[in-house]
Amino acid sequence: MKHGKWPLIVTFLVPPVLLYVFFVVSPYLQAFQISTTDWLGYSADANPVGLANFKALWHDDYVWNALKNNVILLALVPVLTIVLGLFFATMLAMGGRKGSAGVTGVRGGALYRTVYFFPQVLSVVIIALLWKEVYHPNQGLLTSAAHAVGLPAPTWLGDPATAFWCVLAVMVWSNVGFYVVLFGAAMSAVPKEIYEAVLLDGASRFTTLRRVTLPLLWDTVQVAWVYLAIFALDGFILVQLMTNGGPNFSTDVIGVRMYDTAFGSETKFGYASAIGVVMFFLTLSVAVLSLRIGRRERIEYS
Amino acid sequence: MNRRDILRRSAAAGLLATPAAGLLSGCATGGGGDKNDAETYQGTKSAENPLGVKEDAPLEVVIFGGGFGEEYAKAHEAMYTEKYPKAKIKHSATQEISKTLQPRFVDGSPPDVVNNSGTGQIDFNGLVSQNALADLGDLLAAPSLDVPGKTVKDTLLPGAVEIGSYDGKFLVLNYTYTAYGIWYSNKLFTERKWEYAKTWDEHIALCKQIKAAGIAPWTYAGLHPRYMSWPLISTAIKLGGPSVALALDNLEPNAWKSDAMKAAADAWHQIVKDKYILEGSPGLDHKQSQTAWCQGKAAFISCGSWLESEQKDVTPAGFNMTIAPTPSLGSGDKLPFEAIRGTAGEPFMVPAKARNVAGGLEYFRTMLSKKGAQDFTKKVASLTVVAGSSEGVELPYGLNTVVKALDASGANGFNWVYNNYYRKLERNLVDAACGEFFSGRIGPAEFLDQCQKGADSIAQDSSIKKYKRAA
């Protein structure tokens with residue numbers, strides 16, 4: 001094995017790293033350079049303007065408004081998704097009743113898992129269009145349901161007071177299924193003996209979840225956290241397709257702002273790149289921070 | 001998996017999960033501008049070949065693959081090769097004009113003809129300010145392909161050249177002719193014995209009658225509320241004359257708060273106040289609202305003349321959609337009731353760095369021939385900027401009413417172009433204000449304030465090139 005080590009490493013690592021550098025890292029580096037120019041995107045002329053784009057960004061109310069929405073998403077989407085994901089996964093893994101003999105899932109767990117996972121199989125575009133019809137203010141499922149029980153219904157995506165929450169709900173809905181499966185897989189890796197011991201000690205289900213399952217799942221939860229945080233900082237596709245940031249910018253997010261600046265209402269690629277650079281640092285800081293805050297002692301099963 | 005792995009992976013995920021940022025620059029920079037200059041195709045000009053097409057030069061055409069499809073373009077290309085059999089035509093269609101062509105503009109190797117349309121359209125302010133478009137002046141001066149004794153310019157409908165001109169230079173050929181007005185179902189109106197109202201007071205009275213009959217008088221695309229800015233501004237222009245539009249286009253101070261605009265906003269606020277708008281409209285997109293209208297849930301909708309072909313699949317038989325001008329505010333109106341907003345649309349352009357600029361212009365000359373225009377109208381049921389080209393072509397019901405409305409409007413037709421000059425102003429700012437106004441969250445004064453604020457922010461933004469037009 002030893003003398004064959006280097007060819008193996010070179011064959012399997014160098015091409016992907018080169019591809020990664022070429023297709024991911026180099027565009028990023030270019031974005032940094034472009035963000036310091038006034039490039040308009042349809043000619044080769046670009047004049048360096050230093051940090052002028054960032055200065056303009058600082059005074060751009062629309063960008064701040066979008067950022068504010070991202071911050072709300074960042075605060076809510078991961079928490080809601082993880083709590084719901086944990087809850088469903090726990091129910092599926094140990095919600096069933098089998099006396100004190102052991103821990104089992106609810107009946108039909110496999111079916112539920114498939115149902116939960118379903119949104120993950122659909123393309124985000126389909127999810128957005130689907131929910132746009134659900135939120136249809138006259139024929140939509142939600143409105144009809146509200147009217148059926150005699151409640152007044154808002155215009156959902158048409159009202160700045162509700163549009164944002166409607167989009168947020170879809171974000172959580174489309175993500176939960178994946179984390180149910182992820183947490184479920186992690187739970188099934190926890191040795192049964194631990195649960196048996198806990199049961200013998202007479203712990204309640206909630207205590208079991210809080211004191212045993214959660215600590216054992218901590219690494220997985222942390223990964224989920226980071227991914228969801230990044231998702232919350234982006235949220236581009238759903239917002240663009242469902243509301244395009246409206247009404248009156250109430251659902252705007254920073255990704256939509258960037259897209260709109262480059263391809264939508266204007267063609268300011270330098271400025272859009274500056275937004276991209278800010279997004280990059282935000283995402284990176286959030287990822288690093290959430291890992292730092294979540295640091296805990298690791299538990300080994302062995 | 002230990003923590004270090006997670007950290008490493010997460011950092012990588014951080015890089016991967018925000019692909020949008022990388023997307024911007026993936027195709028950027030590094031292109032050199034002028035490398036193709038030596039290879040442009042130019043033939044010798046003659047009476048037969050006024051634009052100097054090199055007859056064996058290849059021609060590349062990129063079409064927006066939208067509602068009109070691409071068959072009409074293939075027909076035009078066939079007409080082109082009839083005249084220049086040695087020319088090889090490369091044809092392609094895409095929905096994403098901007099993303100597809102952006103790298104090629106930067107690289108200095110754009111196609112020869114571009115149909116720059118759709119939501120993925122390239123902002124014209126950006127293109128024009130970077131001198132990326134060829135001057136189409138020669139085309140206008142060239143003789144028409146099949147109308148003897150007339151230049152291409154002579155064959156065009158009024159307004160067709162103005163709308164494609166920036167600082168006096170004709171850069172964009174808008175090929176279709178679009179009327180913007182208020183639509184209703186003639187079938188519904190005949191059945192109920194309603195008559196389209198010519199004045200605003202009558203319109204409000206009619207709305208009351210319609211509502212009493214259990215139908216909502218109005219609906220609109222709440223997710224694209226700028227559709228409602230069209231009748232509102234039209235009302236103002238009919239009251240105050242074309243100078244109202246000129247002031248908006250030239251970003252004059254307080255143009256949005258002129259007396260005519262105030263009167264128009266006050267008038268239109270009436271349909272909001274009296275709840276003459278289909279409930280839930282603020283939450284509908286354009287397709288959903290148009291469909292509600294086709295289903296007879298609302299009587300009026302504001303749209304352009306593409307409405308009929310867009311709604312083809314869901315319009316009930318015998319619906320007989322009819323376009324009408326906005327009602328007059330009163331006897332003081334400067335323009336008659338018949339005046340309607342008519343404008344050329346569906347922009348085509350020849351990039352300045354195209355290798356076969358002469359071929360591109362010649363291709364336009366083919367499109368603007370009587371034969372080319374009639375073929376287009378037959379294929380896609382839309383009018384063109386070529387005068388009289390719909391004669392002898394059987395038109396669908398709605399388009400027929402458009403032709404009649406445009407005829408009646410005649411020289412009183414009007415238009416504005418601020419949305420072409422400053423896409424952001426209409427698409428983002430006026431749009432947001434309309435959403436607030438027509439859903440009743442703000443009143444007329446706040447509405448105009450918000451629009452004015454948007455216009456001022458464009459006027460003050462030194463990174464946006466400004467254009468002026470004369471009356």
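Residues numbered from 1 in each chain as written. Chains lettered and ligands numbered in written order. Predicted model: local features only at pLDDT ≥ 70, side-chain atom pairs only at ≥ 80, totals over all residues. Heavy atoms only, no water.

You'll find chain B entered in an unreviewed UniProt entry as N-acetylglucosamine transport system substrate-binding protein, with Micromonospora vinacea given as the organism. In its Sequence similarities (unreviewed entry) section, UniProt records this for chain B: "Belongs to the bacterial solute-binding protein 1 family." (UniProt positions renumbered as here; feature names shortened; annotations may be inferred.)

Per an unreviewed UniProt entry, chain A goes by the name N-acetylglucosamine transport system permease protein and belongs to Micromonospora vinacea. If you open the UniProt record of chain A and go to Subcellular location (unreviewed entry), you find "Cell membrane". Comment text from UniProt for chain A, heading Sequence similarities (unreviewed entry), reads "Belongs to the binding-protein-dependent transport system permease family."

Along its length, chain A carries 13 helices and zero strands. Each of the 302 residues in chain A was classed as buried or not, and the buried ones make up 45%. A separation of at least 24 residues holds for 66% of the contacts in chain A among residues at least 6 apart in sequence. Of the roughly 15,600 Å² that chain A leaves accessible, carbon and sulfur atoms contribute 70%. (Helix = DSSP H or I, 4+ residues; strand = E, 2+ residues; numbered from the N terminus. Buried < 20%, exposed > 50% of the residue type's maximum accessible area, 1.4 Å probe, protein only. Contact = heavy atoms within 4.5 Å. Areas by Shrake-Rupley, 256 points an atom, 1.4 Å probe, with all protein chains shown as cover.)

We now examine the environment of Lys371(B). Residue and element names in this part refer to chain B. Examined against the element boundaries, Lys-371 turns out to sit in helix α16 (residues 370-380). Residue Lys-371 is classed as partly exposed on the basis of its relative accessible area, which comes to 44%. Sequence separation between Lys-371 and Asp-146 is 225 residues; the distance between their C-alpha atoms is 7.6 Å. The contacts of Lys-371, once residues within four sequence positions are left out, are Met-79, Glu-82 and Asp-146.

When a strand is regular, its side chains alternate between the sheet's two faces. Residue and element names in this part refer to chain B. Across the nine residues of strand β10 (residues 341-349), nine count as buried, placing the element largely inside the fold. Relative to β10, strand β3 (residues 113-115) runs antiparallel, the two sharing two bridges. What sits directly across from Val-114, in β10, is Met-349. As paired strands, strand β6 (residues 173-185) and β10 are joined by seven bridges and run antiparallel to one another. Residue Tyr-180 lies in a different strand from β10, and its bridge partner there is Arg-341. (Pairing = 2+ DSSP bridges.)

Residues and elements named next belong to chain A. Within the element layout of this structure, Trp-225 appears in helix α10 (residues 218-234). A C-alpha to C-alpha distance of 18 Å links Trp-225 and Phe-280, two positions 55 residues apart in sequence. If sequence neighbours within four positions are ignored, Trp-225 has contacts with Val-79, Ile-82 and Ser-290.

Inside soluble globular proteins, nonpolar side chains tend to come together where they are buried. Counting residues in each nonpolar core, the largest one holds 160 residues, and the members touching the most others are Ile271(B), Phe300(B), Phe364(B), Phe438(B) and Phe447(B). For Phe438(B), the residues in contact, after removing those within four places along its chain, are Tyr220(B), Met228(B), Leu232(B), Trp268(B), Val272(B) and Ile277(B). Grouped together as the second largest cluster of nonpolar side chains are 44 residues, Val176(A), Tyr195(A), Ala232(A) and Val253(A) included. (Core = buried A, V, L, I, M, F, W, Y, C linked by side-chain atoms within 4.5 Å.)

Now for the pattern of salt bridges. Inspection of the entire model under this criterion finds 24 salt bridges over all chains. The closest approach of N and O atoms between Lys90(B) and Glu60(B), which form a salt bridge, is 3.9 Å. You can see Lys90(B) sitting in strand β2 (residues 89-94) and its partner Glu60(B) sitting in strand β1 (residues 59-64), a full 30 residues away along the chain. On the accessibility criterion, Glu60(B) (12% relative accessible area) is buried. For Lys74(B), the salt bridge goes to Glu71(B), with nearest N and O atoms at 3.9 Å. Here Lys74(B) pairs with Glu71(B), and both are found in helix α3 (residues 71-83), just three residues apart, close to one helical turn. We classify Lys74(B) as partly exposed; its relative accessible area is 38%. Overlapping salt bridges bring together Glu266(A), Lys268(A), Lys424(B) and Asp461(B) as one network. (Salt bridge = Lys/Arg side-chain N within 4 Å of Asp/Glu carboxyl O.)

For the rest of this paragraph, the subject is the UniProt feature "transmembrane region" (unreviewed entry) in chain A. Residues and elements named next belong to chain A. Here, the residues flagged by UniProt with the feature "transmembrane region" (unreviewed entry) are residues 7-29, 71-93, 114-131, 162-185, 216-239 and 269-291. Within residues 162-185, the helical portion is 96% and the strand portion 0%, while the C-alpha atoms at the span's ends are 35 Å from each other. Counting secondary structure, residues 269-291 comes out at 100% helix and 0% strand; the distance between its end C-alpha atoms is 33 Å.

With respect to the secondary-structure elements, Arg365(B) resides in helix α15 (residues 357-367). Sequence-distant contacts of Arg365(B), defined by excluding residues within four places in its chain, comprise Glu48(B), Pro50(B), Leu51(B), Lys83(B), Leu139(B), Ala142(B), Pro143(B), Ser144(B), Leu145(B) and Val152(B).

Residues and elements named next belong to chain B. Taken as a whole and assessed by the stated rule, the structure comprises two cavities of 30 Å³ or more. If you add up the space inside the largest cavity, you get close to 80 Å³. What lines the largest cavity is a set of 15 residues, among which Tyr-180, Gly-181, Pro-231, Ser-234 and Thr-326 lie closest to the centre. Elements represented by at least two residues in the lining of the largest cavity include exactly β6, α10 (229-240) and β8 (298-304). The leading source of residues in the lining of the largest cavity is α10, at four residues. Split into classes, the residues belonging to the lining of the largest cavity amount to nine nonpolar, four polar and two charged. (1 Å grid on protein atoms, 1.4 Å probe; cavity = no way out; pocket = protein on both sides within 12 Å on 5 of 7 lines; lining within 4 Å. Points joined across faces, edges and corners; volume = space filled by probe spheres on them. Nonpolar A, V, L, I, M, F, W, Y, C, P; charged D, E, K, R; others polar.)

On to helix α9 (residues 200-212) of chain B, then. Residues and elements named next belong to chain B. Taking 1.5 Å as the rise per residue, α9 with 13 residues should run 18 Å; its terminal C-alpha atoms sit 18 Å apart, in good agreement. Of all the positions in α9, only Trp-200, His-203, Ile-204, Leu-206, Cys-207 and Ile-210 are classed as buried. The buried side chains of α9 occupy one side of the element, clustering within an arc of 160° when seen end-on. The exposed residues of α9 that point more than 90 degrees off its buried face are Asp-201, Lys-208 and Ala-212. Turning to α9, the residues buried within the fold contact α8 (186-192), β7 (216-218), α12 (259-273) and β8. One or two residues past the end of α9 sits Gly-214, with phi positive at roughly 90°. (Expected span 1.5 Å × (residues − 1). Arc of directions from axis to C-beta.)

What follows deals with unusual backbone geometry. Omega for the bond connecting Gly246(A) with Pro247(A) falls within 30 degrees of zero, at -10°, which places this linkage in the cis form. Tracing the sequence through the fold places Pro247(A) in the loop between α11 (236-242) and α12 (254-264). Even without a glycine there, the phi angle at Trp156(A) is positive, about 50°. Given the relative accessible area of 15%, Trp156(A) is considered buried. Residue Glu346(B) is not a glycine yet carries a positive backbone phi of 55°. Positionally, Glu346(B) belongs in strand β10. Taking the relative accessible area as the measure of exposure, Glu346(B) reaches 14% and is therefore buried.

Moving on to the packing of aromatic side chains. Working definition: an aromatic ring pair is given by the centre-to-centre distance plus the angle between the planes. Residue and element names in this part refer to chain B. Tallying each qualifying case throughout the model produces 50 aromatic pairs over all chains. Taking 4.9 Å as the distance between ring centres and 85° as the angle between the ring planes, the aromatic pair formed by Tyr-72 and Phe-376 counts as edge-to-face. Here Phe-376 lies in helix α16 and Tyr-72 lies in helix α3, a separation of 304 residues in the sequence. Residue Tyr-72 is classed as buried on the basis of its relative accessible area of 1%. Taking the relative accessible area as the measure of exposure, Phe-376 reaches 1% and is therefore buried. (Phe/Tyr/Trp six-rings, centres within 6.5 Å; stacked < 30°, edge-to-face > 60°.)

This part takes up the pairing of β8(B). Residue and element names in this part refer to chain B. In terms of residue burial, β8 counts as a mostly covered element, since seven of its seven residues are buried. The sheet contact formed by β6 and β8 spans four bridges and is antiparallel. Residue pairing for β8: Ile-182 is matched across the bridge by Ser-302. Summarising the sheet, β7 and β8 pair through two bridges and their orientation is parallel. Across the sheet, residue Trp-218 finds its bridge partner in β8, namely Phe-300.

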